Amino acid sequence: MPKTREMLFVGFFLLAAAVAHSEICTDLPEDISAEAREYSQHVQGISKRQPSSYPKEPFISGTVPPGFLWGTSTAAYQVEGGWNTDGKGESIWDHYAHRSGRTPWGDTATDSYHKYATDVQLGADMGMTAYRFSISWPRLLPDGTLAGGVNQAGVDYYNKLIDELIAHKMEPLVTMYHWDLPQALQTKYGGWTNESMVDYFNDYATLCYQKFGDRVKRWATFNEPWSFIVPGYGLGVSPPQMLFGMRRRQYEVAHVVIKAHARAWHTYNDTFRAQQGGEVGIVLGAPWGQPRNTSDPRDVQAADNFEQFFLGWFANPIYGNGDYPDAMKQMINGDGTEKPRLPVFTEAEKAYVRGAADFAGLNMYSAYLIYASNHTLPLDFISAVIPDLKGAKDTEDPTWPHGSSSSTVLSYVVPWNIREQLRYFSEKYSHKVPFYITETGISEKEQFPPNMNDTWRQCYYMLYVDEAIRAIKLDGRDVRGFFAWTLMDNIEWGSGHSVRLGLHYTNFSDPNLTRTPRVSAKLYGDIARSGGFPEGAAHSKHTQEWWDWCHTMEPYKGTGTGAGWYPGMH
Ligand code: NOJ
């Protein structure tokens, strides 16, 4: 045997032995925290899952409680267009799109600034009872400040949209910040790096409550703070593209954002709640971190740390003890000998932030498989994007349904992440609040010609809605709404319309930007109208028939030809 092959063989043998050892070693090492030990035992107790295998839950029929909200979600920059129409100010996304020389798709987007009534009708046709949209801060306050003046045309636009929704029996759930900061605040103050943003955001939130709070009863302050802070102020890849200093600045920005959220909640609580009787919460991105081997406490600990660096960064202060997770404090600030990079909340701030939310909005799409490792290679999402998170690496389980690289479907389909994340959140945080699934959805690359029979999306919503019902029925979770991302293909940020997530297809080549329902729109509508999957309903039977197939790779190939035909579509 040549030398190198021999070495490879020995190496492989050692690796195999190490893997075998790690799989049979179930004794918990000493250096594992009590919490991870308990969590590991708990996970083993509730889950029959084998490492790296896809748990196929059985279909269950069942419906959601009365008053449950069925909706779709959008965001201002992604749909409105009219970027400088009727007095709107420039946002950091407008600025970025124009300056970077990219095709500024957001200038017109899906033109919902003019076509809002069409959009409301699409939702009504699906039997939706809610719509989640965001307000563009610079449309209301062109330079971001009250001193700079309120744009009455902006107020009129949102009044019309809200009234149209209510006339069609849809409740608005309104996000105040879905990433489109007024450029003027960026230029003058450095955006969210500046503590004064807490006041400016509070002025803007107050204006929203004053103008629309008589009809809007559910407010989300921020959408996915992680997703604009890390790429925008850490990695510098999206607006405002602040390069360098990621290991400090992104934490300082998050500190300001958390305080701004808390301030807006307190303002509502103190000044508006008695009269308006609504709720204010925040929407957090919540990718699930699944331990690769639930019997190995090191993987469990690594996955827990992953959760802390995503969800816990914001959830722990607001829904937990008012402070950052211990794992973050230890890994970022170390032994305290250097100036802390993760800022420190005062006791008064902790008390102010803790419990400042009436609900939790969770965006739950997919999952990562997390394992413990101190190696640099292979390069993974964690090492590239959150290098402060030590000892954990991520991968995906190849058995999770997904499209192939030659197909168009881009996501891993992991419906049980919903139930796991809701369990984790409920057990971890002491401030008990209702949940809204504020976003979930599946993407595909733009197709020519477009294919309305989106089997991948039909399967996705069958599996994910059924999982939400399972969380309510089997685990008793207080889930009050399900919002599909998204109503129609829109501007997927830097990807423009090359990535599609819509229940409706948008024809961007047509000056009218026509929207056409995909088959998934009909299916999701049937689910919503009947409150889920009632026993005997045609779509429940259909879902039951498709169930096994939806757990294979087949529907996600992106061609949509394999599955036949969903009743009612022509
Ligand atoms: C999360 C964001 O909130 C939304 O703006 C985005 O389009 C979807 N995820 C899909 O990527």
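Per-chain numbering applies: the sequence of each chain, read as written, is numbered from 1 onward. The predicted nature of this model means local features are confined to residues of pLDDT at least 70 and side-chain atom pairs, given and counted, to a pLDDT of 80 or more, with totals for whole chains, interfaces and linings taken over all residues. In computing side-chain values, all of the structure's heavy atoms are included and hydrogens and water are not.

(A) Summary view of the overall build of the chain. The secondary structure listing takes helices from DSSP runs of H or I that are at least 4 residues long and strands from runs of E that are at least 2 residues long, numbered from the N terminus. Secondary structure assignment for the chain yields 19 helices and 17 strands. Categorising residues by exposure relies on relative accessible area from a 1.4 Å probe, with only protein chains included: less than 20% of the type maximum marks a residue as buried, more than 50% marks it as exposed, and the intermediate range marks it as partly exposed. For the chain, the proportion of its 570 residues judged to be buried stands at 61%. We call two residues contacting when some pair of their heavy atoms lies within 4.5 Å. Contacts spanning at least 24 positions in sequence make up 77% of the contacts within the chain whose residues lie at least 6 apart. Surface exposure here means Shrake-Rupley accessible area, sampled with a 1.4 Å probe, where a residue is shielded only by the protein chains that are shown. Carbon and sulfur atoms form 55% of the exposed surface of the chain, whose accessible area is close to 22100 Å².

(B) Focus on the packing of helix H17 (residues 455-475) against helix H18 (residues 519-529). In this analysis an axis means a line fitted to C-alpha atoms, helices contributing only their contacting stretch, and an angle means the value between N-to-C directions, from 0 to 180 degrees. One way to put it is that H17 packs onto H18 with a least axis distance of 8 Å and a crossing angle of 20 degrees. As far as their axial angle goes, H18 and H17 are roughly parallel. H18 is crossed by H17, and the crossing has right-handed handedness. Taken together, the residues of H18 that come into contact with H17 (itself represented by Arg457, Gln458, Tyr461, Met462 and Val465) are Val519, Ser520, Leu523, Tyr524 and Ile527. Amino acid classes used here: Ala, Val, Leu, Ile, Met, Phe, Trp, Tyr, Cys and Pro are nonpolar; Asp, Glu, Lys and Arg are charged; the rest, including Gly, are polar. Of the residues contributing to the contact of H17 with H18, the split by class is seven nonpolar, two polar and one charged. Should an angle lie under 35 degrees it is considered roughly parallel, over 145 roughly antiparallel, and from 65 to 115 roughly perpendicular; all remaining angles are considered oblique. A crossing counts as left-handed when the near helix is turned anticlockwise from the far one by less than a right angle, and as right-handed when that turn is clockwise.

(C) Up close: helix H4 (residues 92-99). All buried positions along H4 are accounted for by Ile92, Trp93, Asp94, Tyr96 and Ala97. Taken together, the buried residues of H4 touch helix H3 (76-79), strand S4 (171-177) and helix H8 (183-189). Where H4 ends, the next residue or the one after it, glycine 101, has phi of about 75 degrees, a positive value.

(D) Here's a closer look at the site of the ligand. For the ligand, the full set of nearby residues is Gln78, His178, Trp179, Asn223, Glu224, Asn363, Tyr365, Glu439, Trp485, Glu492 and Trp493. Side-chain polar atom of histidine 178 to an oxygen atom of the ligand: 2.9 Å apart, as the coordinates give it. What qualifies as a polar contact is a pair of N or O atoms within 3.5 Å, subject to a donor-acceptor requirement within protein and to the restriction that residues adjacent in sequence count only when both atoms come from side chains. Between the ligand and tryptophan 485 there is a distance of 3.3 Å, counted from an oxygen atom to a side-chain nitrogen or oxygen. Protein burial of the ligand: of its 290 Å² of free accessible surface, 87% is covered by the chains. Near, as used in this document, describes a residue that has one of its heavy atoms within 4 Å of the molecule or strand being considered.

(E) Fine view of the state of the cysteines. Note on disulfides: each one is a pair of cysteine sulfur atoms within 2.5 Å. Here the structure, examined in full by the defined rule, presents one disulfide. The disulfide partner of cysteine 459 is cysteine 550, and the S-S distance across this bridge is 2.0 Å. Taking the sign of the torsion about the S-S bond as the criterion, the disulfide between cysteine 459 and cysteine 550, at about -75 degrees, is left-handed. Taken together, the positions of cysteine 459 in helix H17 and cysteine 550 in helix H19 (residues 538-550) put the pair 91 residues apart, joining distant regions of the chain.

(F) Representation of the sheet that holds strand S7 (residues 288-291) in the model. An order of S7-S9-S10 is seen for the three strands of this open sheet, with the pairing classed as mixed. Of all the strands in the sheet, the pair left with one neighbour each is S7 and strand S10 (392-395). Here the average twist between neighbouring strands, direction ignored, is 40 degrees. DSSP-based pairing: two strands are paired if at least 2 bridges between them are found. In terms of strand pairing, S7 meets strand S9 (residues 367-372) through four bridges, oriented parallel. Residue pairing in the sheet places glycine 289 in a bridge with tyrosine 368 of S9. Packed onto the sheet, helix H12 (residues 297-319) meets S7, S9 and S10 and runs at close to 130 degrees relative to S9. Sheet contacts for helix H16 (residues 417-428): S7 and S9; angle to S7, the most-contacted strand, approximately 95 degrees.

(G) Fine view of the pairing of strand S8 (residues 360-363). Side chains of S8 alternate between two faces, with Ala360 and Leu362 and Gly361 and Asn363 buried alike. Alignment of strand S6 (residues 279-285) against S8, held across four bridges, turns out to be parallel. From the neighbouring strand, leucine 284 faces S8, where its bridge partner is leucine 362. Bridging between S8 and strand S11 (residues 435-439) involves four bridges; their strand directions are parallel. Note on S11: the bridge partner recorded for asparagine 363 is glutamate 439.

(H) The sheet that holds S6, seen in detail. In space, the eight strands of this closed barrel follow the order S2-S3-S4-S5-S6-S8-S11-S13, with parallel pairing throughout. If you compare each strand with its neighbour and ignore which way they point, the axes differ by 25 degrees on average. Set on the sheet, helix H7 (residues 152-167) makes contact with strand S3 (130-134) and S4; between it and S3 the angle comes to about 170 degrees. Strands in contact with H18 are strand S2 (69-73) and strand S13 (479-484); relative to S2, the strand with the most contacts, it is inclined by about 155 degrees.

(I) The packing of aromatic side chains, seen in detail. Stacked, edge-to-face and tilted are the three classes for Phe, Tyr and Trp ring pairs, Trp counted by its six-membered ring, which pair at centre distances within 6.5 Å; planes under 30 degrees apart are stacked, over 60 edge-to-face, the rest tilted. Within this structure, the stated rule accounts for 55 aromatic pairs. Aromatic side chains tryptophan 93 and tyrosine 96 sit 5.2 Å apart centroid to centroid with 80 degrees between the ring planes, which places their arrangement in the edge-to-face category. One end of the pair is tryptophan 93 and the other is tyrosine 96, both in helix H4 and three residues apart, which spans about a single turn. One aromatic cluster is present, formed by Phe68, Trp70, Tyr460, Tyr461, Tyr464, Phe482 and Tyr524 through successive ring pairs. Only Lys NZ and Arg CZ are tested; either one counts as a charge over a ring when it is within 6 Å of the ring centre and within 35 degrees of the ring normal. Seen from the ring of tyrosine 157, arginine 139 lies directly overhead, with NZ or CZ sitting 5.8 Å from the centre. Note that arginine 292 overlies the ring of tyrosine 371, its terminal NZ or CZ placed 4.1 Å from the centroid.

(J) Seen up close, unusual backbone geometry. Residue proline 240 is reached from proline 239 by a cis peptide bond, and omega for that bond is 5 degrees. The residue proline 240 is located in the loop between helix H10 (225-235) and helix H11 (246-276) in this model. Cis geometry is found at the peptide bond from leucine 377 to proline 378, where omega equals -5 degrees. As for its placement among the helices and strands, proline 378 is situated in the loop between S9 and helix H15 (381-385). You will see that alanine 109, though not glycine, has its phi angle at about 45 degrees, which is positive. As for its position among the elements, alanine 109 is in the loop between H4 and helix H5 (112-125). Using a relative accessible area of 3% as the deciding quantity, one classes alanine 109 as buried. Not every positive phi belongs to a glycine, and tryptophan 493 is a case in point at roughly 50 degrees.

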